[in-house]
Structure formats: C-alpha cells, structure tokens
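Observations on the three-dimensional arrangement
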Amino acid sequence: QVQLVESGGELVQAGGSLRLSCAASGRTFSSYGMGWFRQAPGKEREFVAAISRGGGSKYYADSVAGRFTISRDNAKSTVHLQMNSLKPEDTAVYYCAARAGLESGLSTSYDYWGQGTQVTVSS
C-alpha cells in the first residue's frame, strides 16, 4: 500500500518554472514505478511522465519532452516533476500515481493516486 500527496501547484506566468512534489507513505516506495498525469477541464486524464523503480529509466509525453523532468528520491520516498518553459496549455490538475512494478504510460496500469495539485499557467 502507498498513499500519495502532491504539492507545489501554483499560478505561474507563461515561460516560468514550477516544481511539483509527491510524498509517499510506507517503506516500499522503491518497489513502485511512478508516474505523473494531468487533467485539464473538459479533457480526459493524460500521461505526462514516468520513472522506473530505481530512477534509471524515464519517459515523457511528446508535449512535455525537453521541458519537464521527472525524478525520484527513494530514500525520502518522494517523486518530483520539474516543469520549465511552461505554456498555458500546461494548465491542469496534476496527479502523482504509483504502480507495483514497472513504470507505465497507461493510467489504468496504476494502483494508487494522489488527490492532485492545480497548476495554472497564465499568458
């Protein structure tokens, strides 16, 4: 079992940067692949980034590749999403997710979800 709590969402101007954090409970954090997803108003939840259990493999949606960086600190049971060069289309509620085993780009593959943190990018 793992409980996830996101933080760091804020209002930011286009071109700015923001760092999201996800804190996980339990001692088994390192056994979970982690992912970030987002959902904008009127749209379905979409994949943003994923990271393997040891942090050695990272994957990004084409829309954020080169701008966002996912990382994890297993000693602190946290995962982060560094967001640079933010665009208005990045506005969404961002969710942290965990799955037992490998990372995945499919939301249905994840077992645990945080409640989300709002990111708003103004033009």
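Refer to the preceding data block for the structure.
Scope of this entry: the structure provided in the associated data block. (Residues numbered from 1 in each chain as written. Predicted model: local features only at pLDDT ≥ 70, side-chain atom pairs only at ≥ 80, totals over all residues. Heavy atoms only, no water.)

**Some details on the sheet that holds strand β3 (residues 18-24)**
Ordered in space as β1-β3-β8-β7, the four strands form an open sheet in which the pairing is antiparallel. Edge positions in the open sheet fall to β1 (4-7) and β7 (68-73), since each of these has one partner strand only. With direction set aside, neighbouring strand axes in the sheet form an average angle of 15°. Strand direction decides the pairing type here: β7 and strand β8 (residues 78-83), joined by six bridges, are antiparallel. Counterpart to T69 in the pairing with β8 is Q82. (Pairing = 2+ DSSP bridges. Helix = DSSP H or I, 4+ residues; strand = E, 2+ residues; numbered from the N terminus. Axes fitted to C-alpha atoms, helices over the stretch in contact; angles between N-to-C directions.)

**Looking at the side chain of H80**
Here H80 lies in strand β8. Owing to a relative accessible area of 14%, H80 belongs among the buried residues under this scheme. Among the polar contacts made by the side chain of H80, one reaches the side chain of S21 at a distance of 3.0 Å. (Buried < 20%, exposed > 50% of the residue type's maximum accessible area, 1.4 Å probe, protein only. Polar contact = N/O pair within 3.5 Å; in protein donor to acceptor, adjacent residues only side chain to side chain.)

**Points about the pattern of salt bridges**
If you walk through the whole model with that rule in mind, you get three salt bridges. Among the ionic pairs, R38 bridges to E46, the shortest N-O distance being 2.7 Å. With a closest N to O distance of 2.8 Å, R67 and D90 form a salt bridge. Of this pair, R67 sits in the loop between β6 (58-60) and β7 while D90 sits in the loop between β8 and β9 (92-100), placing them 23 residues apart in sequence. Considered together, R67 and D90 belong to a single accessibility category, that of buried residues. The network of salt bridges with shared partners includes R38, E46, R67 and D90. (Salt bridge = Lys/Arg side-chain N within 4 Å of Asp/Glu carboxyl O.)

**Looking at the pairing of strand β4 (residues 32-39)**
Most of β4 sits inside the fold, with seven of its eight residues counted as buried. Where β4 meets β9, eight bridges bridge the pair, whose relative direction is antiparallel. Note on β9: the bridge partner recorded for Q39 is V93. Two strands pair when backbone bridges link them, and β4 and strand β5 (residues 46-51) are joined in this way by five bridges, in the antiparallel orientation. Paired with R38 across the two strands is E46, which belongs to β5. Turn length for the β4-β5 hairpin, with the two strands adjacent in sequence and antiparallel, is six residues, and the turn residue G42 shows positive phi of about 80°.

**Some points on unusual backbone geometry**
At S77, a position not held by glycine, the phi torsion is positive, near 55°. In this structure, S77 sits in the loop between β7 and β8. Among the residues examined, S77 registers a relative accessible area of 12% and is labelled buried. Even without glycine at this site, S85 takes up a positive phi of about 50°. Mapped onto the elements, S85 comes out in the loop between β8 and β9.

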